[in-house]
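# Reading the structure
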Amino acid sequence: MTSSSATTRKALSKIACNRLQKELVEWQVNPPTGFKHKVTDNLQRWVIEVIGAPGTLYANEIYQLQVDFPEHYPMEAPQVIFLNPAPLHPHIYSNGHICLDILYDSWSPAMTVSSVCISILSMLSSSPAKQRPEDNDRYVKNCRNGRSPKETRWWFHDDKV
């Protein structure tokens, strides 16, 4: 599930460490509804439990996000994927990769882990059907050997889900 670059990633910069420590404290004081941070001693990789929102297709279902922070976070977006099993959703591939613009082209350093999680839960909650993206098999096959979703040229064309 992890990219080959994840094993050779550089240590976090001082700015990234300070920002992540601040976000972690905020998370502990005021966690976003529907999420639980699984505590580890690794500041560079967070595992977050996602609980499907009531009244949606994913109500009470539990999934896990893996968030890997790059050396220059927050100037560079984190890599966010679902761990197996990934939810069935038109923008979530079976390998856990998520097609969501804020994780790539629309990333802003003003975003936080909490805001990303809320956006992902909103995406899940607005889905009218549980299904894989049409190109799931081809995409997943092309991602073998640990290709990061950040290496993909995403086409953001559907803002309904």
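Under an unreviewed UniProt entry, the protein has the name E2 ubiquitin-conjugating enzyme and belongs to Salix viminalis. Turning to the protein, the UniProt record has this under Function (unreviewed entry): "Accepts the ubiquitin from the E1 complex and catalyzes its covalent attachment to other proteins." What UniProt records for the protein under Sequence similarities (unreviewed entry) is the sentence "Belongs to the ubiquitin-conjugating enzyme family."

Looking now at the pattern of salt bridges. If you walk through the whole model with that rule in mind, you get four salt bridges. Between K130 and E61 there is a salt bridge, with its nearest N and O atoms 2.3 Å apart. Here E61 lies in the loop between strand 2 (45-51) and strand 3 (62-68) and K130 lies in the loop between helix 3 (113-125) and helix 4 (136-142), a separation of 69 residues in the sequence. Residue classification places K130 among the partly exposed positions, given a relative accessible area of 36%. The residue D135 makes a salt bridge to R138 at a minimum N-O spacing of 3.5 Å. When its relative accessible area of 26% is taken as the criterion, D135 is described as partly exposed. Taking the relative accessible area as the measure of exposure, R138 reaches 53% and is therefore exposed.

With that settled, the discussion passes to helix 3. With 13 residues, helix 3 should reach 18 Å at 1.5 Å per residue; the first-to-last C-alpha distance of 18 Å fits that figure. Looking at the buried side of helix 3, the elements it contacts are helix 2 (14-29), strand 1 (35-38), strand 2, strand 3 and strand 4 (79-82).

Judged by nonpolar contacts, the single largest core of 35 residues is most densely connected at W46, I48, L65, F82 and I98. Within the residue set of this core, elements represented by two or more residues are helix 2, strand 2, strand 3, strand 4 and helix 3. For this core, the element with the most residues is helix 3, which contributes seven residues. The contact partners of L65, leaving out residues within four places of it in the chain, are W46, V47, I48, V50, V80, I81, F82, I98, C117 and I120.

What follows covers the UniProt feature "active site" (unreviewed entry) in the protein. On the UniProt side, "active site" (unreviewed entry) is annotated at positions that read C99 here. Residue placement: C99 occurs in the loop between strand 4 and helix 3. When its relative accessible area of 13% is taken as the criterion, C99 is described as buried.

What follows concerns the packing of aromatic side chains. Within this structure, the stated rule accounts for seven aromatic pairs. Their ring planes at 85 degrees and their centres at 6.2 Å tell us that Y63 and F82 sit as a pair that is edge-to-face. Separated by 19 residues along the polypeptide, Y63 in strand 3 and F82 in strand 4 bring together distant segments of the chain. For the pair Y63 and F82, a shared accessibility class is recorded, and that class is buried. An angle of 70 degrees between the planes, with centres 4.9 Å apart, marks the rings of F69 and Y73 as edge-to-face. By relative accessible area, F69 is classed as buried at 1%. By relative accessible area, which is 1% here, Y73 ends up buried.

Criteria and cut-off values
- Residue numbers run consecutively from 1 along every chain, following the written order of its sequence.
- Only residues with pLDDT of at least 70 are given local features in this predicted model, and only at 80 or more are side-chain atom pairs given and counted; all residues enter the totals for whole chains, interfaces and linings.
- The side-chain values count all of the structure's non-hydrogen atoms but skip hydrogen atoms and water molecules.
- UniProt positions are given in the numbering used here, feature names are shortened, and annotations may be inferred rather than shown by experiment.
- The salt bridge definition used is simple: a Lys or Arg side-chain nitrogen within 4 Å of an Asp or Glu carboxyl oxygen.
- A helix here means a DSSP run of H or I that spans at least four residues, while a strand means a run of E at least two residues long, and both kinds are numbered starting from the N terminus.
- Here the term buried applies to any residue with accessible area under 20% of the maximum for its type, exposed to any over 50%, and partly exposed to those in between, with areas from a 1.4 Å probe on protein chains only.
- Expected span of a helix, by definition, is 1.5 Å for each gap between consecutive residues, and there is one gap fewer than residues.
- For this analysis, residues touch if any pair of their heavy atoms sits within 4.5 Å.
- We define a nonpolar core as any set of buried Ala, Val, Leu, Ile, Met, Phe, Trp, Tyr and Cys residues linked to one another through side-chain atoms lying within 4.5 Å.
- Stacked, tilted and edge-to-face are the three classes applied to pairs of Phe, Tyr and Trp rings, where Trp contributes its six-membered ring and a pair requires centres within 6.5 Å; stacked means planes under 30 degrees apart, edge-to-face means over 60, and tilted covers the rest.

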